[in-house]
Amino acid sequence: MRRQKSLSEIGRFMAPVSLLLDGAWQRMHWWVATMAVLYALSGITIVRSDEVAVILRWGQLVGETPALQQHGPGLLFAFPRPVDEILRVQVKRISEVPVTTLAAATSTMESGPVPQAPGEDDDEGPSGIRETLDPLTRGYALTGDENIVHVEMVARYRVRDPAEWAFYGPKAEDVLRAEVTAAMVRSLGEMGVDRVLSDGRKDLIATAARRAQAGLDTAHSGLELSSLELTRLSPPVALAADFDAVQSAFITAETSKKDAEAYAASAIPNVQAEADTLLQAARGTASNDLATAQGDAAAFQALDREYRANPVVVRERLYRDAVDRALSSASQIRWVPPPIGGSYHGMRITVGPSDTGTEPLGEGGSGGR
Amino acid sequence: MVDAMKTQRWLRAIVGTLALGAIVFSATAVVVKEGQAVLITRFGRPLRAATQAGLHWKLPWPIDAETSLDMRRRVYETGQTEMLTRDKKNIIARTFVVWRIGDPLTFTQAIGNQSAAEGKLDGLMTNAAIGTLGGHDLSALVSTNPSDLQVDQIESELLASTAPMALRNYGVMVEQIRLERLALPEENVTAVFGQMRAERRQFAAKFDAEGLREASRIRSEADLEAARIRAKGAEEQARIVGESAAQVAKIYADAHRIDPDLYRFTRSLDSLDKLVTGSTSLILRTDSEPFSLLQSKEGK
């Protein structure tokens, strides 16, 4: 009885509501049906070309393995909220984090430049730069040989595992900064400062990046360190001049070595060429001499054949030719009479340069006598 | 008309059921998202923690209540603490911890929120770091000799000495500890600068000396080589000249051997040619040839 009455009471109470619903349905049932269909389809999502989407069904990831969890670009069918929730992540976008934890001025990390107490300036170096570093305000790292260097880096990363990054990993920038710093501190700690500042830089970056990635994996960050760049790697300001001096000494040494090598490179071929020229000349002379000798020998043999046939004539001819040659090539010829009694007594002959050759002959002769 | 009445009745039933269902569902269902945990309390007393993502159930309010906890990993960097290594060197170290809530129940009861957890972690980590680094030399942290370095070991020691306690006492799961910073106390840096400067000067001097030495070595080697080449050339030249002289001598000897008398005669005539040149003055007796021929003609 009582129940019947309460029902009818509810009915009476609900009457205006049901009247409203009925009226609404009659007027707008197409609208309502359309809305219901649209709601049912609202889970369908478009995944863009640079994105990967994961589906949460009642909050739980759909799919057992990361490969099954991740849906590539295209249409993705899912139930409407609150059953399914779709998370789209841009996995191809590379983001950048500057890492200045080890930089000389770490104003971004700490509470900005700390005002110095007036009495704190007493250990200034010769250049007016403070000869120390406050570890709380100045970032730096120790190298393997206990030198101090400042490092500024830029880490670039992208999301590799969207589910891990979105739901389980630490905040990307926090974990990156910490892992990269730790990896760099450790990698610097096993190298000498000279390697770090010269040819070891690539090694340093590679080692640090590898360590940082291992750390990111251990931290389940879902991130991939796509590149690590050293934007600055320098010794402390107070020591910059000393480091530069080593550098310039090195360059000077290299230059003088290069000069010496250039000297050697030009001196040896020059000497070689000189020697070659001399040898060539000697060979030429030798073959010349040989040819002359052979010619002379042939001429002599020919002469000899003639001589054997007519010894007296040939001899006479040769002798006459020689005397003619001698008489014609001599610049002065003086004739003197034969000695009287086998000797000349006090005869003087003056012989001068060729222009005096025209002197009268008698002068000498008269002087002689 | 009857059809319309029927449709309306059905519609009312469906709408009513759906509405009721939705109300019941929202009162009893607990949706645990990935990366979250939900702590369910009954009359304020913690009942259980739903850590698995998905749909869970509870009794409706006011019997059960739910609190959700963020189970994501977090990075906490400790403060910079000065400590002493085994070889009595002062260093300033800072570590960072990757942690997450490991046991929601213990975490909620013992700590409650993130900043309190980090406060506890800081204390734990500082103690552990002082203890662990006190057992190693500085060369275990920085050294150019790879066999000295023990950073991996130090980090796992730190983890071993903090993780079990953090989980048991605070419900905090420490997953990774790494040394993030290694520095020297301000007053020690001056000494390090001094050492660095001395080392730099030594290097500069070394480079200077080495450069000079190397350059003079290269130069003198080149000079030596040049002298060697010259000597070799001279030797070769002498050989060629000698051989040629010998050959020439042999040719003349072979030729003259056939008539030494004629040779002697022609040689004398050649000598005469050489003797009488443009600057020679000849003094001849008038009774010698060819003048004598003229005389004898005159005399006839």
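Since the model is a prediction, treat every value here as computed from it, not as a measurement.

We now examine the overall build of chain B. In terms of regular secondary structure, chain B is built from seven helices and ten strands. Residues classed as buried in chain B amount to 26% of the 300 residues present. A sequence separation of at least 24 residues applies to 66% of the contacts in chain B between residues at least 6 apart.

Each side of the interface is counted separately: chain B has 98 residues, and chain A has 100 residues. Broken down by element, the side of chain B that touches chain A gets its largest block of residues, 39 residues, from helix H5 (residues 186-257) of chain B. Each residue belonging to the side of chain B that touches chain A can be placed in one class, and the counts come to 48 nonpolar, 21 polar and 29 charged. Judged from the five bridges that link them, strand S10 (residues 332-336) of chain A and strand S10 (residues 281-285) of chain B form a sheet pairing that is parallel.

Here chain B averages 86 in pLDDT, and 95% of its residues register 70 or above. Interface predicted TM-score (ipTM) for the complex: 0.72; the corresponding pTM is 0.68.

Turning our attention to H5(B). Between the first and last C-alpha of H5(B) there are 105 Å, a value that for 72 residues agrees with the 106 Å anticipated at 1.5 Å per step. Burial in H5(B) covers these residues: Val189(B), Phe193(B), Met196(B), Arg200(B), Ala204(B), Phe207(B), Gly211(B), Ala215(B), Ile218(B), Ile229(B) and His256(B).

Residue and element names in this part refer to chain B. Read from one edge to the other, the open sheet built from three strands follows the order S3-S2-S5, with strand pairing classed as antiparallel. Edge positions in the sheet fall to strand S3 (45-50) and strand S5 (64-70), since each has one partner strand and no second. Here the average twist between neighbouring strands, direction ignored, is 25°.

This next bit is on the sheet that holds strand S3 (residues 60-61) of chain A. All names here are of chain A. If you walk across this open sheet you meet the three strands as S3-S2-S5, and the pairing is antiparallel. At either end of the open sheet lies a strand with only one pairing partner, and these are S3 and strand S5 (84-90). With seven bridges connecting them, strand S2 (residues 51-57) and S5 associate as antiparallel partners. When the sheet's bridge partners are listed, Ala 53 is paired in S5 with Arg 88.

With that settled, the discussion passes to the pairing of S2(A). For a regular strand, side-chain orientation follows a simple rule: the groups alternate between the two sheet faces. Residues and elements named next belong to chain A. Burial within S2 is extensive, with five of its seven residues counted as buried. Here two bridges tie S2 to S3, and the two strands are oriented antiparallel to one another. For Leu 56, the partnering residue across the bridge sits in S3 and is Leu 61. What sits between the antiparallel neighbours S2 and S3 is a turn of two residues, in which Trp 58 has the positive phi angle 50°.

Right, let's get into the confidence of the model for chain A. Residues and elements named next belong to chain A. Summarising the model, chain A shows a mean pLDDT of 81, and 85% of its residues fall at 70 or more. Taken as a whole, residues 106-125 scores under 50 in pLDDT and shows 23 contacts with residues more than four places along the chain or in a different chain. The model gives residues 355-369 a pLDDT under 50, and that stretch makes twelve contacts with residues more than four places away or in other chains.

So, about the packing of helix H4 (residues 172-188) of chain A against helix H6 (residues 201-218) of chain A. Residue and element names in this part refer to chain A. At a minimum axis separation of 8 Å, H4 and H6 run at an interaxial angle of 135°. The pairing of H4 with H6 is recorded here as oblique in orientation. When you trace H4 past H6, the crossing you get is right-handed. Counting all contacts with H4, which are made through Val 175, Glu 179, Val 180, Ala 182, Ala 183, Met 184, Arg 186, Ser 187 and Leu 188, the residues of H6 involved are Leu 204, Thr 207, Ala 208, Arg 211, Ala 212, Gly 215 and Leu 216.

Before going further, it helps to examine the packing of helix H8 (residues 311-329) of chain A against helix H6 (residues 260-275) of chain B. The interhelical angle for the contact between H8(A) and H6(B), taken along N-to-C directions, is 10°, at an axis separation of 9 Å. Taken together, H8(A) and H6(B) sit at an angle that is classed as roughly parallel. Taken together, the residues of H6(B) that come into contact with H8(A) (itself represented by Arg315(A), Leu318(A), Tyr319(A), Ala322(A), Arg325(A) and Ala326(A)) are Phe265(B), Thr266(B), Leu269(B), Leu272(B) and Asp273(B). Each residue belonging to the contact of H8(A) with H6(B) can be placed in one class, and the counts come to seven nonpolar, one polar and three charged.

Cut-offs used in this document
Residues numbered from 1 in each chain as written. Chains lettered and ligands numbered in written order. Predicted model: local features only at pLDDT ≥ 70, side-chain atom pairs only at ≥ 80, totals over all residues. Helix = DSSP H or I, 4+ residues; strand = E, 2+ residues; numbered from the N terminus. Buried ≥ 20, exposed ≤ 12 C-beta atoms within 10 Å, placed from the backbone. Contact = placed C-beta atoms within 7 Å. Nonpolar A, V, L, I, M, F, W, Y, C, P; charged D, E, K, R; others polar. Pairing = 2+ DSSP bridges. pLDDT = per-residue confidence, 0-100. Expected span 1.5 Å × (residues − 1). Axes fitted to C-alpha atoms, helices over the stretch in contact; angles between N-to-C directions. Parallel < 35°, antiparallel > 145°, perpendicular 65-115°, else oblique. Left-handed = near helix turned anticlockwise from the far one by under 90°.

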